[in-house]
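# Structure assessment
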Amino acid sequence: MKMDFTIPFSGFASTTFINCFASVYMYLENMGWQAENMTYCNEWENGQCNGCGNCATKPQSRQERYFFLFDTMCGRSSLRCRFDSTPSEMEQLINSSGWNDDGGANDNIDFLFGFTGYRYHVVKDADAFQSEISASINKNKPVIAKLRKNIVPFAVITGIDGDKIICPEFKGAQKSPDPAVTYDNIDTLYLIDEKSAPRYSLIDGLKRIEYVMDGCLREGIWSEYMKKIGTYGPDSLGEDQPEGRKARMKRLADTMWYTFNCHNFAEVFRTYRGDRPMAYLYDAVGDVNKLGDPAFCETINTISWRYGYTHDLAWSIIGLDECINWNDWKSRYYGDMLEVILDKLKENDQEVLNCIREMIQILS
């Protein structure tokens, strides 16, 4: 008993909840190869580009767009992580305990199901796993499983063969389950029931983004980086030894890799710029296409360039981390320069938050 599940996964994440959810959503909404505006990609199938020009409408590009949408509306792509790596209040709202990027917290999962208008139920009883999976597959509905003792947090189950669990290929994902999914390494099942009216709309997503962004800024996450990375102060880069300065810079560079979630965020809103093709629009998700209203044009452009700027600044920090000689005594003064960059990252977040608040006001 196996489903014909050929939906790809996003290359921007491992099989996180959000990545799995986006692929499952596309399957439920019949967005496979036969869907309208979906096109074949020779490179994806055979490993060689033939110049067909179908990049925007191939299945993996469509999945990526839904991944970006769900990643942004739930607030995960608004998160900023602390210098000391401990999870902030906002991270705990969105991510599972022990994971910093999976979107697997109960509150977040409930939001995404409610945003797309699907009822669901949760099963934690291991004795019921086999019967519940079997019943779901019989209804042609994939199952999302939270895993334990695995390199990834979640997986999609698309079939069952006695005691054997069948999963899709997870093509495209950065990482997929290892070891393979078995009944023994499943922690929780998320089973999809009937579709209903969405419990959350675009404005709810924007308010969730506002809550997360405001929480990160109020906590002073960027200000803490400035203290640790600056030239002056009792616990600053400038007062540390070469190995300490190197470690601080490495932490900042690692944070920049995480801050690349600004790309996911900006791409959702860039979808509604006038130069984007219709194939990018989120036709199936509630009232998201309200973002196409000309009233949002200026704020969307601001979000686009502000987070494009954040993206470029992040690369500059990663590049600096790779080439600075921390044994050079002058390196202790790099903190002044880095503080300027960090202040600009903070400013960009504040200006994007202002744009989100303006959108909420227009919709209200």
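Remember, predicted model here, so these are calculated numbers, not experimental data. (Residues numbered from 1 in each chain as written. Predicted model: local features only at pLDDT ≥ 70, side-chain atom pairs only at ≥ 80, totals over all residues. Heavy atoms only, no water.)

### Quick notes on the overall build of the chain
Where we set the bar: Starting at the N terminus, helices and strands are each numbered in turn, a helix being any DSSP run of H or I of at least four residues and a strand any DSSP run of E of at least two. Here the radius of gyration uses the C-alpha set of atoms, whereas the globule reference equals 2.2 Å times the residue count to the power 0.38. With a 1.4 Å probe rolled over the protein chains alone, any residue whose accessible area is under 20% of its type maximum counts as buried; one over 50% counts as exposed, and the rest are partly exposed.
When helices and strands are tallied, the chain shows twelve helices and six strands. Its C-alpha atoms give the chain a radius of gyration of 22 Å, near enough to 21 Å, the size a compact globule of 364 residues would have. Taking the principal axes of the C-alpha coordinates as reference, the chain spans close to 65 × 50 × 45 Å. Burial statistics for the chain: of 364 residues in total, 53% are counted as buried.

### Focus: the side chain of T271
Our working rule: The term polar contact refers here to a pair of N or O atoms within 3.5 Å; inside protein, the definition further demands a hydrogen-donor-capable atom paired with an acceptor-capable atom, and it admits residues adjacent in sequence only when both atoms are side-chain atoms.
Within the secondary structure, T271 sits in the loop between helix 10 (261-270) and helix 11 (297-323). By relative accessible area, T271 is classed as buried at 2%. A distance of 2.9 Å separates the side chain of T271 from the backbone oxygen of E267, its partner in a polar contact. Side-chain polar atoms of T271 contact the backbone oxygen of V268, separated by 3.3 Å.

### What to know about the side chain of R245
To keep it simple, the criterion reads: Note on charges: Lys and Arg go in the positive column, Asp and Glu in the negative column, and His and the chain ends are not counted at all. By salt bridge we mean one thing: a side-chain nitrogen of Lys or Arg within 4 Å of a carboxyl oxygen of Asp or Glu. Contact criterion: two residues are considered in contact whenever any of their non-hydrogen atoms come within 4.5 Å of each other.
Relative to the helices and strands, R245 resides in helix 9 (residues 242-259). Buried and unpaired, R245 has no salt bridge, with D240 as the nearest side chain of opposite charge at 6.6 Å. Polar side-chain contacts of R245 include one of 3.2 Å to the side chain of S331. Discounting residues that sit within four places of it in the chain, R245 has contacts with L237, D240, W326, D328, S331 and R332.

### Looking at the sheet that holds strand 2 (residues 143-147)
What counts is decided by this rule: When DSSP finds two or more bridges between a pair of strands, those strands are recorded as paired. Each axis is a line fitted through C-alpha atoms, and for a helix only the stretch in contact is used; angles between axes span 0 to 180 degrees, taken between their N-to-C directions.
In space, the four strands of this open sheet follow the order 1-6-2-3, with antiparallel pairing throughout. Both edges of this open sheet fall to strand 1 (118-123) and strand 3 (154-157), since each of them pairs with a single strand only. On average, each strand axis in the sheet is inclined to that of its neighbour by 25°, with strand direction left out of account. Together, strand 1, strand 2, strand 3 and strand 6 (186-195) form the strand contacts of helix 1 (residues 17-28), whose direction differs from that of strand 3 by roughly 20°. Each of strand 1, strand 2, strand 3 and strand 6 is contacted by helix 6 (residues 129-138), which is oriented at about 30° to strand 6, the strand it contacts most.

### As for the pairing of strand 3
By the alternation rule, side chains of strand 3 split into F154 and V156 and A155 and I157, which are all buried. Joining the antiparallel neighbours strand 2 and strand 3 is a turn of six residues, in which K149 adopts a positive phi near 50°.

### Considering helix 3 (residues 59-73)
Using the following cut-off: Here, expected helix span is obtained from the residue count minus one, scaled by 1.5 Å.
Across its 15 residues, helix 3 extends 21 Å between first and last C-alpha, which sits within 8% of the 21 Å expected from 1.5 Å per residue. For helix 3, a buried count of 14 out of 15 residues is recorded, marking the element as mostly surrounded by other parts of the structure. Remark: G75 follows helix 3 within two positions and exhibits a positive phi of approximately 100°.

### Comments concerning the state of the cysteines
By definition, a disulfide is the covalent link that joins the sulfur atoms of two cysteine residues. The test is simple: Disulfide assignment relies on a single distance test, namely cysteine sulfur atoms paired within 2.5 Å.
What the rule picks out here adds up to zero disulfides. The thiol of C262 is not disulfide-bonded; the next cysteine sulfur, from C81, is found 12 Å away.

### Some thoughts on the pairing of strand 6
Side chains on a regular strand alternate between the two faces of the sheet. In this sheet, strand 6 lies alongside strand 1 in antiparallel orientation, the contact comprising five bridges. Of the residues in strand 6, the one forming a bridge with Y118 is K195. As defined by bridge partners, strand 2 adjoins strand 6 across five bridges and the pair is classed as antiparallel. Among the inter-strand pairings, A145 is bridged to a residue of strand 6, identified as L189.

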